[in-house]
There are 2 protein chains.
Amino acid sequence: MKLTILFGGASFEHEISIVSAITIKEKLSSFDLSFIFCDGDHKFYLIEPSKMKAVTFSKGEHKKMPQLTLTQGGFLQKSMFSTTEHKNTVLNLIHGADGEDGTIAALFDFYNISYIGPRVNASIFSYDKRHTKYYCAARGVKYVKYEALHSDEHKDISLDFPVIVKPASLGSSIGVSIVKEESGFDYALDTAFEYDKNVVVEPFIEGVKEYNLAGYMAEGEIKFSVVEEPQKEEFLDFEKKYMDFSRSEQVHKAEIDDALVAKLQNSFEKVYRGMFEGALIRCDFFVVNDEVYLNEINPIPGSMANYLFEDFSRVVEELSGSLPQKKHIQPSYEYIHNISSAKGK
Amino acid sequence: MKLTILFGGASFEHEISIVSAITIKEKLSSFDLSFIFCDGDHKFYLIEPSKMKAVTFSKGEHKKMPQLTLTQGGFLQKSMFSTTEHKNTVLNLIHGADGEDGTIAALFDFYNISYIGPRVNASIFSYDKRHTKYYCAARGVKYVKYEALHSDEHKDISLDFPVIVKPASLGSSIGVSIVKEESGFDYALDTAFEYDKNVVVEPFIEGVKEYNLAGYMAEGEIKFSVVEEPQKEEFLDFEKKYMDFSRSEQVHKAEIDDALVAKLQNSFEKVYRGMFEGALIRCDFFVVNDEVYLNEINPIPGSMANYLFEDFSRVVEELSGSLPQKKHIQPSYEYIHNISSAKGK
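Quick caveat, the model's predicted, so the values are computed rather than measured. (Residues numbered from 1 in each chain as written. Chains lettered and ligands numbered in written order. Predicted model: local features only at pLDDT ≥ 70, side-chain atom pairs only at ≥ 80, totals over all residues. Heavy atoms only, no water.)

Chemist: I tried to follow the pairing of strand E4 (residues 67–71) of chain A on my own but got confused; where do I start?
Modeler: One face of the sheet, then the other: side chains in a regular strand alternate in exactly this way. Residue and element names in this part refer to chain A. Here E4 shows one buried face, formed by Leu68 and Leu70, and one open face, formed by Gln67, Thr69 and Thr71. Summarising the sheet, strand E3 (residues 44–47) and E4 pair through 2 bridges and their orientation is antiparallel. Across the sheet, Tyr45 pairs through a bridge with Gln67, a residue of E4. When E4 meets strand E5 (residues 74–78), the two strands line up antiparallel, connected through 4 bridges. Opposite Leu70, over in E5, you have Phe75 as the bridge partner. If you look at the hairpin formed by E4 and E5, you'll find 2 residues sitting between the two strands, and Gly73 has a positive phi there, around 95°. (Buried < 20%, exposed > 50% of the residue type's maximum accessible area, 1.4 Å probe, protein only. Helix = DSSP H or I, 4+ residues; strand = E, 2+ residues; numbered from the N terminus. Pairing = 2+ DSSP bridges.)

Chemist: What exactly am I supposed to notice about helix H1 (residues 14–27) of chain A here?
Modeler: Given 3.6 residues per helical turn, the α-helix brings residues three or four places apart onto the same face. All names here are of chain A. The end-to-end C-alpha distance of H1 is 20 Å, a good match for the 20 Å that 14 residues give at a rise of 1.5 Å each. Of all 14 residues in H1, 10 are buried, a share of seventy percent or more. Among all positions of H1, only His14, Glu15, Ile16, Ser17, Ile18, Val19, Ser20, Ala21, Thr23 and Ile24 are buried. (Expected span 1.5 Å × (residues − 1).)

Chemist: Help me out: how do you make sense of the packing of aromatic side chains in this one?
Modeler: Each aromatic ring pair is described using two quantities: the centre-to-centre distance and the angle formed by the ring planes. All names here are of chain A. Taken as a whole and assessed by the stated rule, the structure comprises 35 aromatic pairs over all chains. A centroid spacing of 5.7 Å and a plane angle of 80° characterise the contact between Phe161 and Phe185, whose relative ring orientation is edge-to-face. Of this pair, Phe161 sits in the loop between strand E9 (147–150) and strand E10 (163–167) while Phe185 sits in helix H6 (residues 185–193), and the two are 24 residues apart along the sequence. Take Phe161: its relative accessible area is 25%, and that puts it in the partly exposed class. (Phe/Tyr/Trp six-rings, centres within 6.5 Å; stacked < 30°, edge-to-face > 60°.)

Chemist: What's the story with the interface of chain A and chain B in this structure? I'm lost.
Modeler: When the parts of a complex come together, some accessible area is lost, and that lost area is often used as the size of the interface. With 59 residues of chain A in contact, the opposing surface of chain B contributes 59 residues. Summing both partners gives a buried area of about 5000 Å² for chain A against chain B, and 66% of it is carried by carbon and sulfur. Seen at the junction of chain A and chain B, the total is 2 salt bridges. The salt bridge involving Asp101(B) is made with Lys326(A); its shortest N-O contact spans 3.8 Å. If you look at where chain A meets chain B, you find 14 residue pairs in polar contact (both at pLDDT 80 or more). Secondary structure elements with two or more residues in the side of chain A that touches chain B: H1, strand E2 (32–38), helix H2 (54–58), helix H3 (103–110), helix H4 (120–127), helix H5 (129–139), helix H7 (238–244) and helix H10 (334–342) of chain A. (Contact = heavy atoms within 4.5 Å. Buried area = accessible area lost by both parts, 1.4 Å probe. Salt bridge = Lys/Arg side-chain N within 4 Å of Asp/Glu carboxyl O. Polar contact = N/O pair within 3.5 Å; in protein donor to acceptor, adjacent residues only side chain to side chain.)

Chemist: Hey, could you run me through the domain arrangement of chain A in this one?
Modeler: Here chain A is described as being made up of domain 1 (2–116), domain 2 (123–142 + 207–320) and domain 3 (147–203). Taking the mean C-alpha position of each, domain 2 of chain A and domain 3 of chain A sit 24 Å from one another. (Domains from an automatic or database assignment.)

Chemist: What am I meant to see in the pattern of salt bridges here?
Modeler: Any two side chains of opposite charge can pair, so long as their charged atoms come close to each other. All names here are of chain A. Evaluated as defined, the whole model comprises 24 salt bridges over all chains. Measuring nitrogen to oxygen at the nearest pair gives 3.3 Å for the salt bridge that ties Glu229 to Lys209. Taken together, the residues Glu229 in the loop between strand E14 (221–228) and H7 and Lys209 in strand E13 (residues 209–218) connect sequence positions 20 residues apart. Of the residues examined, Glu229 reaches a relative accessible area of 29% and is grouped as partly exposed. Residue Lys223 pairs with Glu318 through a salt bridge whose shortest N-O separation is 4.0 Å. A residue pair is termed long-range when its members are at least 10 positions apart, and Lys223 in strand E14 and Glu318 in helix H9 (residues 312–320) qualify at 95 residues. Connected through salt bridges with shared partners, the residues Lys133, Lys166 and Glu202 form a single ionic network.

Chemist: How should I be thinking about the sheet that holds strand E14 (residues 221–228) of chain B in this particular structure?
Modeler: Two strands in a sheet stick together by hydrogen bonds in their backbones, pointing the same way (parallel) or opposite ways (antiparallel). Residues and elements named next belong to chain B. The 4 strands are arranged E14-E13-E15-E16 in an open sheet whose pairing can be described as antiparallel. Of all strands in the sheet, those bounded by a partner on one side alone are E14 and strand E16 (291–298). Strand-to-strand twist across the sheet, computed as the mean angle between neighbouring axes with direction ignored, equals 30°. Sheet topology places strand E13 (residues 209–218) next to E14; 6 bridges connect them, and they run antiparallel. Its bridge partner lying in E14, Leu213 is registered against Val227. Most of the contacts of helix H9 (residues 312–320) go to E13, to which it runs at about 50°, and overall it touches E13 and E14. (Axes fitted to C-alpha atoms, helices over the stretch in contact; angles between N-to-C directions.)

Chemist: Mind showing me how you'd approach the pairing of strand E6 (residues 83–86) of chain A here?
Modeler: Two strands pair when backbone bridges link them, and E5(A) and E6(A) are joined in this way by 4 bridges, in the antiparallel orientation. The residue of E6(A) that forms the bridge with Phe75(A) is His86(A).

Chemist: Explain the environment of Ala54(A) to me, please; I cannot follow it from the model alone.
Modeler: Tracing the sequence through the fold places Ala54(A) in helix H2. The spatial distance from the C-alpha of Ala54(A) to the C-alpha of Glu221(A) is 37 Å, given a sequence separation of 167 residues. Beyond its immediate chain neighbours, meaning those up to four positions away, Ala54(A) contacts Ile18(A), Ile22(A) and Ile336(B).

Chemist: What is the right way to look at the environment of Phe161(B) in this model?
Modeler: Taking C-alpha positions, Phe161(B) is 9.4 Å from Ile178(B), a pair spaced 17 residues apart along the chain. Those residues within four positions of Phe161(B) in sequence are excluded, and the remaining contacts are Val179(B), Lys180(B), Glu181(B), Glu182(B) and Phe185(B).

Chemist: How should the confidence of the model for chain A be read in this particular structure?
Modeler: Any segment with low pLDDT has predicted coordinates that should not be analysed in fine detail. In this model, chain A carries an average pLDDT of 92, and 95% of its residues clear a pLDDT of 70 or more. The ipTM value of the predicted complex is 0.94, and its pTM value is 0.94. (pLDDT = per-residue confidence, 0-100.)

Chemist: Hey, could you run me through the relation of the copies chain A and chain B in this one?
Modeler: The pair of chain copies shares a relation made of a rotation about an axis and a shift along it. Once chain A is rotated about the relating axis by 180° and shifted along it by 0.0 Å, it coincides with chain B to within an RMSD of 0.0 Å. Those values place the two copies in the arrangement expected of a two-fold rotation axis. (Least-squares fit on C-alpha atoms with pLDDT ≥ 70 in both.)

Chemist: Is there a simple way to think about unusual backbone geometry in this case?
Modeler: Negative phi values dominate among residues other than glycine, just as trans dominates among peptide bonds. Cis geometry is found at the peptide bond from Phe161(A) to Pro162(A), where omega equals 0°. One can find Pro162(A) in the loop between E9 and E10. Phi at Asp98(A) is positive, roughly 75°, even though this residue is not glycine. Take Asp98(A): it is sitting in the loop between strand E7 (90–92) and H3. Accessibility expressed as a relative area gives 3% for Asp98(A), which makes it buried. Of note, the phi angle at Ser303(B) is positive, near 45°, even though the residue is not glycine. The exposure class of Ser303(B) is buried, given its relative accessible area of 0%.

Chemist: Would you take a moment to explain the packing of helix H4 (residues 120–127) of chain B against helix H5 (residues 129–139) of chain B for this structure?
Modeler: For any two helices packed against each other, one specifies the crossing angle of their axes together with the interaxial distance. Residue and element names in this part refer to chain B. Relative to each other, H4 and H5 sit at 105°, their axes nearing to 5 Å. The angle between H4 and H5 falls in the class roughly perpendicular. The residues of H5 that touch H4, namely those facing Ile124, Phe125, Ser126 and Tyr127, are Lys129, His131, Thr132 and Tyr135. Its residues assigned to classes, the contact of H4 with H5 shows 4 nonpolar, 3 polar and 1 charged. (Parallel < 35°, antiparallel > 145°, perpendicular 65-115°, else oblique. Nonpolar A, V, L, I, M, F, W, Y, C, P; charged D, E, K, R; others polar.)

Written out as structure tokens, the structure is:
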């Protein structure tokens with residue numbers, strides 16, 4: 001099938017999006033793929049598949065390739081003598097800002113472009129960790145308690161150390177610190193505030209069990225991946241995560257009993273249904289005393305969490321066939337007509 | 001000052017956006033205004049100010065006017081021999097879908113266009129009445145209790161009649177019914193589901209006191225309008241609201257004591273701060289036994305609630321001067337460079 005991979009973006013995760021796209025290219029080699037790169041200035045380029053290498057972008061060679069603009073139904077490529085339209089379904093693979101904050105989703109909704117990825121609402125509830133917690137509270141999904149801090153206000157926290165400090169709206173562990181005692185807290189805050197003016201602070205739970213589960217909706221049913229117990233040190237730093245985004249080998253199932261798998265799937269479904277349709281998401285859970293807590297939602301996981309699925313090509317085909325259609329509202333002029341005729345105009 | 005009014009949109013509130021724009025044109029007659037119309041097919045047109053009449057759009061005469069496209073920094077007008085850029089600050093006056101659901105906000109963020117109106121996050125928390133309640137719960141703002149229903153599931157409600165049934169994501173009372181007893185409930189649900197697959201049901205509180213308060217942030221401070229006690233029958237239906245959107249005469253203050261005004265302002269501030277910066281919003285409150293409950297947030301109120309302010313031109317000037325700037329993230333290629341050089345490439 002035909003599919004366009006959109007990657008890049010004006011984001012701190014720009015580079016890992018490039019890595020993700022290169023990985024997906026290998027994993028979906030049976031597809032008829034095209035590649036659209038969004039650069040840091042929000043310009044779109046059509047990338048020659050054979051040039052899908054990291055250095056193409058770091059050296060700026062993409063700038064020699066055809067530039068695209070958005071139009072109703074797709075992307076437009078104009079040259080001196082002709083205009084070509086690119087109208088495939090797009091896999092939104094921009095991690096972080098632009099891709100996961102609802103911007104690309106809104107653009108594609110507005111321009112009526114079919115896409116795999118979170119819709120605007122889903123983006124808002126997953127991009128900012130505070131909003132994820134608002135959402136969990138409303139949906140009856142357990143989450144780790146937290147305090148939110150803003151860079152403009154000085155506030156003491158009431159949590160005991162150790163804590164974990166995170167920018168509210170970044171993925172890939174960027175700006176995240178574990179703080180063992182109060183003396184390190186201000187430095188950790190400063191680090192996080194470099195990336196976001198909102199920060200969340202959570203208790204750091206030593207030795208907590210962590211499980212990742214991905215899934216998507218096709219034909220009204222949620223299809224789950226295997227459950228993975230991520231190999232980790234205290235937590236993955238950006239460099240390790242960067243490597244992690246190029247993963248393509250299937251993982252081994254976590255050795256947990258069916259009851260826990262069912263609990264994880266149940267929490268996943270509460271998060272997904274009625275919100276994340278159209279996206280393949282990965283939920284990262286903590287398990288403490290047999291209780292499942294949502295840690296975070298990755299609405300565009302690194303290399304689409306391909307390594308958690310047995311047959312990733314089929315996953316993408318199924319998902320493409322079940323994308324939500326936005327209902328188009330055609331405005332009426334009923335009241336204006338009524339008023340105009342009442343006025344005799 | 002120069003200002004572009006954006007109105008229309010593919011929305012059930014398309015017509016009232018036109019009425020709002022015509023009203024604002026009168027109210028801001030000292031401004032150097034231009035007008036951009038978004039039609040039901042998401043095409044933009046530059047409207048000749050003298051043609052700012054309802055019939056221009058109901059008769060389709062806008063289609064003879066110059067079409068515009070989005071570009072970095074503004075709108076582009078191309079003719080046979082020249083290209084003109086329109087780079088003014090835009091007042092987003094599209095009510096309902098497109099304008100209030102985060103779509104236009106995301107477009108303007110992406111294309112780096114300065115605008116008055118709710119940002120994407122703020123749109124998501126005000127457009128869907130369920131999300132407003134999630135947000136209130138998180139911010140410690142009291143709200144009317146509710147049950148959410150989805151068109152695909154049959155569920156009994158536990159609220160006592162009378163109730164009020166509302167599509168989750170529409171303003172202007174479209175699709176809203178008051179249901180006095182159970183026999184009328186299914187019909188009210190069907191009506192609401194015509195507009196949205198999600199519906200909220202709330203207790204209908206007979207004779208509740210209702211107050212509206214508008215405001216905006218300028219120079220770090222919230223500037224409040226007067227408090228209005230809206231004249232109402234049971235509630236305003238669409239036709240009355242339609243007329244209501246063309247209001248331009250200043251209202252009389254509600255006759256309430258300073259303590260209640262302070263309570264309303266306090267709730268407004270909890271809603272606004274850290275979320276609605278850049279927008280002039282109107283919050284509609286209920287007061288029951290001296291307790292303030294948020295009923296709904298209008299992030300783009302009809303004709304910008306101009307009638308609640310003494311000097312509306314100054315309001316728009318102040319707000320234009322205090323618009324939040326989105327931090328531009330310029331991607332780096334640090335990791336790719338490191339890895340490439342480690343590999344000797």
